[in-house]
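Here are the chains, one letter per residue:
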Amino acid sequence: VDLDGTLIGKAGVIREDDIQSLVRASKAGIILALSTGRMPQACRNFFSKLPLNGLHIFYDGALVARYPNNGSILNQGLEKDLARDMVLQARRQGIYLELYTSRGYFAEQNTEAARIHAKLLGIEPEIRDLLELLKDREEIIKGGSIASSDKERRDMDDFEKHFKGRLRLAWASAPDFPSLGFVNMVHPLVSKGKALEALALHLGITPAEIVAIGDGENDIPLLTTAGLGIAMGNASEKVKKAARAVTLSQEEGGVASAIKTYLGI
């Protein structure tokens, strides 16, 4: 299950009927896993509300791990040389860039984009020179950015073209900020779909035995890999066409409706 725009609605709230439907599914023996572009620390408030004791997909598929002990079965970050090129290219284009490690995320300026993302995640970025960050021993798991205007979206397209074959950009959205595009920058072999395959292999099941629910374009590999991919009613037409089924919107309890309709729970 995806988080933002799927489980999480406006003001960062999960509907009570969605929570109860997931509790019933867990009691029925179904394994529940989050699949999100967020880092594990930005999901901590939801683990107390939901029966989520196993492995989850974080960083848009770059990490499959348990929370809070972070024991992982998949961890595919970015090479330092690539991350350095990303920083330099972002500076040349004037693009806001975030870099993520296992302990948090970093940005060079406390811009409006930085403040918006901090509000969404509930975590403030550490402001520092990103090239200096790369001198640390910490692994860079993913990059990120935010686009609000047509120009910024074109800039993101140019940024992606510059790194063709070296970096994959996946777009996500959040109900609180419908005009913003949140960009995940990951290794080209990373996706929620590849992460789902790794999770299925670890669990000893096939992707055909998995139901996935999501709303963003970064969820398309997840929905097409699962045996039953369900798009939220608030998803774009592109996402809906990629899915095998469409449920209600997040505001209407789409997750609860999908679980009742397709799992009979």
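What counts, and at which threshold
- Residues numbered from 1 in each chain as written.
- Predicted model: local features only at pLDDT ≥ 70, side-chain atom pairs only at ≥ 80, totals over all residues.
- Heavy atoms only, no water.
- Helix = DSSP H or I, 4+ residues; strand = E, 2+ residues; numbered from the N terminus.
- Contact = heavy atoms within 4.5 Å.
- Buried < 20%, exposed > 50% of the residue type's maximum accessible area, 1.4 Å probe, protein only.
- Pairing = 2+ DSSP bridges.
- Core = buried A, V, L, I, M, F, W, Y, C linked by side-chain atoms within 4.5 Å.
- Expected span 1.5 Å × (residues − 1).
- Arc of directions from axis to C-beta.

**A closer look at the environment of Gly71**
Turning to its location among the elements, Gly71 is positioned in the loop between β2 (63-66) and β3 (72-75). Along the primary structure Gly71 and Ile31 are separated by 40 residues, whereas in three dimensions their C-alpha atoms are 17 Å apart. Non-local contacts of Gly71, meaning those with residues more than four positions away in its chain, are made with Leu55, Val64, Ala65 and Arg66.

**A word on the pairing of strand β4 (residues 98-101)**
Here β4 shows no split at all, with Glu98 and Tyr100 on one side and Leu99 and Thr101 on the other all buried. Direction of pairing for β4 relative to strand β5 (residues 104-107): antiparallel, over a ladder of four bridges. By the bridge assignment, Leu99 is partnered in β5 with Phe106. The loop that links β4 with its antiparallel partner β5 comprises two residues. Here β4 runs beside strand β7 (residues 142-147); their pairing, made up of three bridges, is antiparallel. By the bridge assignment for β7, Leu99 is matched with Gly143.

**Considering helix α10 (residues 254-263)**
Within the sequence span of α10, burial applies to Gly254, Val255, Ala256, Ala258 and Ile259. On its buried face, α10 is in contact with α1 (16-27), β10 (211-214) and β11 (228-231). Note on α10: the residue one or two positions beyond its end, Gly264, has a positive phi of about 70°.

**Looking at the nonpolar core**
Leu7, Leu22, Met39, Leu50, Tyr59 and Val255 are the most contacted members of the largest nonpolar core, which has 38 residues in total. Of all the secondary-structure elements, those providing two or more residues to this core are α1, α2 (44-47), β2, α4 (112-121), β11 and α10. Counting 23 residues, the second largest nonpolar core, distinct from the first, contains Leu78, Leu97, Ala147 and Met156.

**Things to note about α1**
End to end, α1 covers 17 Å across 12 residues, agreeing with the expected 16 Å (1.5 Å per residue, within 8%). Every buried residue belonging to α1 is among Asp18, Ile19, Ser21, Leu22 and Ala25, and all of these are buried. Buried residues in α1, looked at end-on, bunch into an arc of 165°, giving them a common side. Exposed and facing more than 90 degrees away from the buried side of α1 are Glu16 and Lys27. In this structure, the buried residues of α1 make contact with α10. Following α1 by one or two positions, Gly29 has its phi on the positive side, about 100°.

**With respect to unusual backbone geometry**
Phi angles above zero are rare outside glycine, and Ala11 is one such case at about 65°. Among the structural elements, Ala11 can be located in the segment before α1. Overall, the relative accessible area of 63% leaves Ala11 in the exposed class. If you check the backbone angles, Tyr59 has positive phi at about 50° while not being a glycine. By the element assignment, Tyr59 lies in the loop between β1 (55-58) and β2.

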